[in-house]
Amino acid sequence: MSLEPRLDLIALGEGLVEFGANTRGPLRRVRTYDVHAAGSELNVAIGAARLGLKVGWISRVGADEFGELLIAAARADGVDTSRVVRAEDEPTGIFVVQRGYPVDGQSSLMYYRAASAGSRLTTSKLDAGYLGRAEIFHTTGISLAVSPELAGAAREAASVAAQGGARRSFDVNYRAKLWTPDAARPQVEAALTESEIAFCSLEDARTLWAVADAEAALELLASFGPEHAVVSCGPDGAIMLGPDGAVVRSAAIPANVLDPTGAGDAFCAAVLTGLTRAWPADVTLQRACLVGSIVCGVAGDNDGIPTLDELERIASNRWAYR
């Protein structure tokens, strides 16, 4: 058994550098971009650390300036990056956000991650002793879809962490640009069956299983066996099933949406924080919806995630004046 202290959360997945267009329209007309650290599991790691958890991130980045950007961003919020591998021969992945075109009010994402360093993380780079320190291990369907190597590493890491006593957290996080519903469904279902905590958006549940509504999505998610099942419904809030079988609902918090990318990851980070800190279920879900709303109003995947002190102050003020 490791003598090192336990970590509240270890997240595994590819980090990406986001280039967000500063102006609306086709990228061929854009001249300036904001640059941010991103990637679903990294967003969750940064969010949970900012909310007060002890967090580690397992990944692989290029031995390049973009890789250093991701590591620095994680470390700035106290995320342990000691198990992030630097790769000499592959680059750090990036993606570009095009805003307000071709559909007004919507963003589209262009990924440049083929053969990236993060996609080449393998089981040989996993540290069993480190994984054994996790209270919660988190990964997503993105890691299952990006490459066979990363998928294998995610599955093996979850198994090793569970042997050390970790609860496994899995976010479906379906991405149509990475795989089809038919390809995703069996792998996602297998991951859900092996998880204690499960997240899925209503949109993803409809895409993969053609469910009718949030209640049906929650029932389906719970049928795979997780103790905690959570369905996020965008502007309609969220719904959660706890181990006692009670269903908890929270309305969405109105947001001035500037950049919704990363809001779902911030939501997950807040739920995992609530479960770790034993917040009441209704408080956990309300705070998670609030965090997601805040992130929607700030450019960048995780830049808007508040600290725990900020969240408590915002929550107290908000619900005091409802």
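First things first, this report covers the structure right here in the doc. (Residues numbered from 1 in each chain as written. Predicted model: local features only at pLDDT ≥ 70, side-chain atom pairs only at ≥ 80, totals over all residues. Heavy atoms only, no water.)

### Here's the deal with the overall build of the protein chain
Then, in step 1: Within the protein chain one finds 11 helices and 13 strands.
Then, in step 2: Against the globule reference of 20 Å for 322 residues, the protein chain gives a C-alpha radius of gyration of 18 Å, in line with a compact fold.
Then, in step 3: Among the 322 residues that make up the protein chain, the fraction classed as buried is 54%.
Then, in step 4: Within the protein chain, contacts between residues at least 6 apart in sequence are counted, and of these 70% link residues at least 24 apart.
Then, in step 5: Approximately 13,800 Å² of the protein chain is accessible, and the part contributed by carbon and sulfur atoms is 51%.
Then, in step 6: Counting 29 positive and 40 negative side-chain charges, the protein chain places the centres of these two groups 3 Å from one another. (Helix = DSSP H or I, 4+ residues; strand = E, 2+ residues; numbered from the N terminus. Rg over C-alpha atoms; globule rule 2.2 N^0.38 Å. Buried < 20%, exposed > 50% of the residue type's maximum accessible area, 1.4 Å probe, protein only. Contact = heavy atoms within 4.5 Å. Areas by Shrake-Rupley, 256 points an atom, 1.4 Å probe, with all protein chains shown as cover. Lys, Arg positive; Asp, Glu negative; His and termini not counted. Charge placed at Lys NZ, Arg CZ, Asp CG, Glu CD.)

### Some details on the layout of surface pockets
It is a probe the size of a water molecule, rolled over the atoms, that shows where empty space is left.
Then, in step 1: Approximately 170 Å³ is the volume attributed to the second largest pocket.
Then, in step 2: As for the second largest pocket, its lining consists of 14 residues, and the residues nearest its centre are R155, A158, F170, A191 and E194.
Then, in step 3: A breakdown of the residues in the lining of the second largest pocket according to their chemical character gives seven nonpolar, four polar and three charged. (1 Å grid on protein atoms, 1.4 Å probe; cavity = no way out; pocket = protein on both sides within 12 Å on 5 of 7 lines; lining within 4 Å. Points joined across faces, edges and corners; volume = space filled by probe spheres on them. Nonpolar A, V, L, I, M, F, W, Y, C, P; charged D, E, K, R; others polar.)

### Focus: the sheet that holds strand 2 (residues 16-24)
Then, in step 1: Strand order in this open sheet of four strands is 3-2-6-7, and the pairing throughout is mixed. Edge positions in the open sheet fall to strand 3 (33-38) and strand 7 (107-112), since each of these has one partner strand only. If you compare each strand with its neighbour and ignore which way they point, the axes differ by 25° on average.
Then, in step 2: As paired elements, strand 6 (residues 94-99) and strand 7 share six bridges and run antiparallel to each other. Residue pairing in the sheet places F95 in a bridge with Y111 of strand 7.
Then, in step 3: Contacts between helix 2 (residues 65-76) and the sheet are confined to strand 2, strand 3 and strand 6, with strand 3 contributing the most and set at about 65° to the helix. (Pairing = 2+ DSSP bridges. Axes fitted to C-alpha atoms, helices over the stretch in contact; angles between N-to-C directions.)

### Let's talk about helix 2
Then, in step 1: When the terminal C-alpha atoms of helix 2 are compared, their 16 Å separation across 12 residues agrees well with the 16 Å that a helix rising 1.5 Å per residue should span.
Then, in step 2: All buried positions along helix 2 are accounted for by G67, L70, I71 and A74. Viewed along the axis of helix 2, the buried residues span an arc of 95°, placing them on a single side of the element. Opposite the buried face of helix 2, by more than 90 degrees, sit the exposed residues E65 and A76. (Expected span 1.5 Å × (residues − 1). Arc of directions from axis to C-beta.)

These results come straight from atomic positions and should not be treated as a statement about function.
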